[in-house]
Amino acid sequence: MSENTPQLPKTALTPATHTAPPAKFSHGVRKGNLLQVAGQVGFLPAVDGQPPVPAGPTLREQTLQTFANVKAILEEGGASWDDVMMVRVYLTDVDHFAEMNAIYNTYFEEQGLKEAAAARTTVYVGLPKGLLIEIDALAVLG
Amino acid sequence: MSENTPQLPKTALTPATHTAPPAKFSHGVRKGNLLQVAGQVGFLPAVDGQPPVPAGPTLREQTLQTFANVKAILEEGGASWDDVMMVRVYLTDVDHFAEMNAIYNTYFEEQGLKEAAAARTTVYVGLPKGLLIEIDALAVLG
Amino acid sequence: MSENTPQLPKTALTPATHTAPPAKFSHGVRKGNLLQVAGQVGFLPAVDGQPPVPAGPTLREQTLQTFANVKAILEEGGASWDDVMMVRVYLTDVDHFAEMNAIYNTYFEEQGLKEAAAARTTVYVGLPKGLLIEIDALAVLG
């Protein structure tokens with residue numbers, strides 16, 4: 001807060017598995033100890049010259065791929081799921097809540113978290129055709 | 001930011017009024033001076049062995065209970081409404097905006113804030129059947 | 001984190017172009033190095049005694065005005081687009097995504113960012129009649 005505080009750089013996080021973003025935003029950014037992951041969907045790792053392809057039509061396939069995409073960005077910024085404060089889950093259908101929770105629980109049990117689980121908000125919105133879930137995350141490192 | 005920075009613990013915030021979360025997330029988490037409250041709805045204080053019950057069918061009943069639920073988590077983490085930077089309000093019906101604002105204003109006048117009111121975003125989404133409002137919040141302590 | 005940590009004030013950010021908020025929230029708040037911009041829409045600069053008026057009926061008009069409104073709040077708090085970590089874009093129609101991206105790209109190219117572009121999440125929600133876009137933003141200064 002003093003005038004001597006050094007300027008903190010803001011770094012774009014672009015894992016090798018991700019394409020360049022389709023617009024002027026970053027898949028993730030880190031500045032100081034804060035790391036923000038942009039909304040991720042269930043796209044498979046990028047293939048040069050190909051449009052993005054979802055991992056599959058099912059909620060399970062897309063949710064697990066979305067988790068993998070968020071995790072890749074966290075790791076690119078030197079963070080892990082243990083650093084995540086907030087997970088925002090966007091579903092398209094209220095009837096998907098129970099299944100998403102089951103996938104969510106199993107996934108995070110397998111991650112072997114050492115810290116408290118992140119907070120979470122789940123709401124039901126519109127998403128581009130074929131996409132059933134989108135997730136973003138805020139992390140604090142250190 | 002140095003290698004000597006001590007590891008900040010991340011603490012789950014679970015007020016006595018809340019059930020264990022229905023999935024592997026926390027009702028709130030605190031790490032350093034950041035506190036994130038998960039999406040809260042208008043459920044009454046938990047009763048052991050009973051499913052959660054909304055405070056009532058009306059927007060007023062649910063909004064006031066949701067505020068109480070957010071506040072309980074803030075207080076569990078040593079914070080108050082004065083520390084809140086951002087309130088996210090999810091409504092299901094655009095026609096509820098004016099009534100929610102009236103409830104919101106009265107509630108926060110009664111809280112006797114000493115600091116500037118938090119920023120806010122209100123959007124209209126789908127929520128599980130019977131729920132009319134969901135709120136989450138980000139706070140900075142200190 | 002020590003008991004000697006000085007209390008950080010939380011400051012409301014109300015640019016001259018904005019009306020007093022329609023409810024007990026702030027258009028933006030800053031506390032320490034964190035700045036949160038409330039959900040902005042495409043309202044023209046406020047005119048005393050007049051209700052707010054959108055910049056126009058089109059996505060382009062509203063998006064550019066919304067950007068201007070977010071930027072005014074950032075600047076009121078001593079920040080710029082370069083400090084923004086996260087931009088949340090709320091659209092009402094999936095078919096607006098490509099056009100919004102084009103406007104978004106041109107706008108941020110013109111801003112001459114020196115830092116990495118912010119992360120972003122775009123979802124499709126309901127908004128009050130006549131409004132096509134809402135945007136909020138989280139910034140870290142320093």
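Residues numbered from 1 in each chain as written. Chains lettered and ligands numbered in written order. Predicted model: local features only at pLDDT ≥ 70, side-chain atom pairs only at ≥ 80, totals over all residues. Heavy atoms only, no water.

A. Seen up close, the relation of the copies chain B and chain C. For the pair chain B and chain C, the superposition axis carries a translation of 0.0 Å, the fit reaches an RMSD of 0.0 Å, and the rotation angle comes to 120°. When the rotation and shift are considered jointly, the pair of chain copies conforms to a three-fold rotation axis. The C-alpha atom lying nearest the rotation axis in chain B is that of B:V125; the distance is 3.3 Å. An overlap of only 12% is found between the interface residues of chain B and their copies at the interface of chain C, pointing to separate contact surfaces. (Least-squares fit on C-alpha atoms with pLDDT ≥ 70 in both. Contact = heavy atoms within 4.5 Å.)

B. Inspection of the interface of chain B and chain C at higher detail. Every contact between the two is made by 32 residues of chain B and, on the other side, 30 residues of chain C. Approximately 2,400 Å² of surface area, both sides summed, lies buried where chain B meets chain C, with 61% of it carried by carbon and sulfur atoms. Inspection of the region where chain B meets chain C yields two salt bridges. C:K31 serves as the salt-bridge partner of B:D83, at 3.1 Å between the closest nitrogen and oxygen. (Buried area = accessible area lost by both parts, 1.4 Å probe. Salt bridge = Lys/Arg side-chain N within 4 Å of Asp/Glu carboxyl O.)

C. Fine view of the packing of aromatic side chains. This model, assessed by the stated rule, comprises 24 aromatic pairs over all chains. Seen in terms of ring centroids, B:Y107 and B:F108 are 5.0 Å apart; in terms of plane orientation they differ by 85°. Their pairing is edge-to-face. Neither residue differs from the other here; B:Y107 and B:F108 are each classed as buried. Ring geometry for C:F67 versus C:F108: centroids 5.3 Å apart, planes at 75°, classification edge-to-face. Placement of C:F67 in helix 1 (residues 59–76) and of C:F108 in helix 2 (residues 97–111) is noted, with a sequence separation of 41 residues between them. For C:F67, a relative accessible area of 0% puts it in the buried group. Taking the relative accessible area as the measure of exposure, C:F108 reaches 4% and is therefore buried. Put simply, the rings of A:F67, A:W81, A:Y104, A:Y107 and A:F108 touch in pairs and so form one group of aromatic residues. A cation over a ring is seen here: C:R120 above C:Y104, with NZ or CZ 4.5 Å from the ring centre. (Phe/Tyr/Trp six-rings, centres within 6.5 Å; stacked < 30°, edge-to-face > 60°. Buried < 20%, exposed > 50% of the residue type's maximum accessible area, 1.4 Å probe, protein only. Helix = DSSP H or I, 4+ residues; strand = E, 2+ residues; numbered from the N terminus. Lys NZ or Arg CZ within 6 Å of the ring centre and 35° of its normal.)

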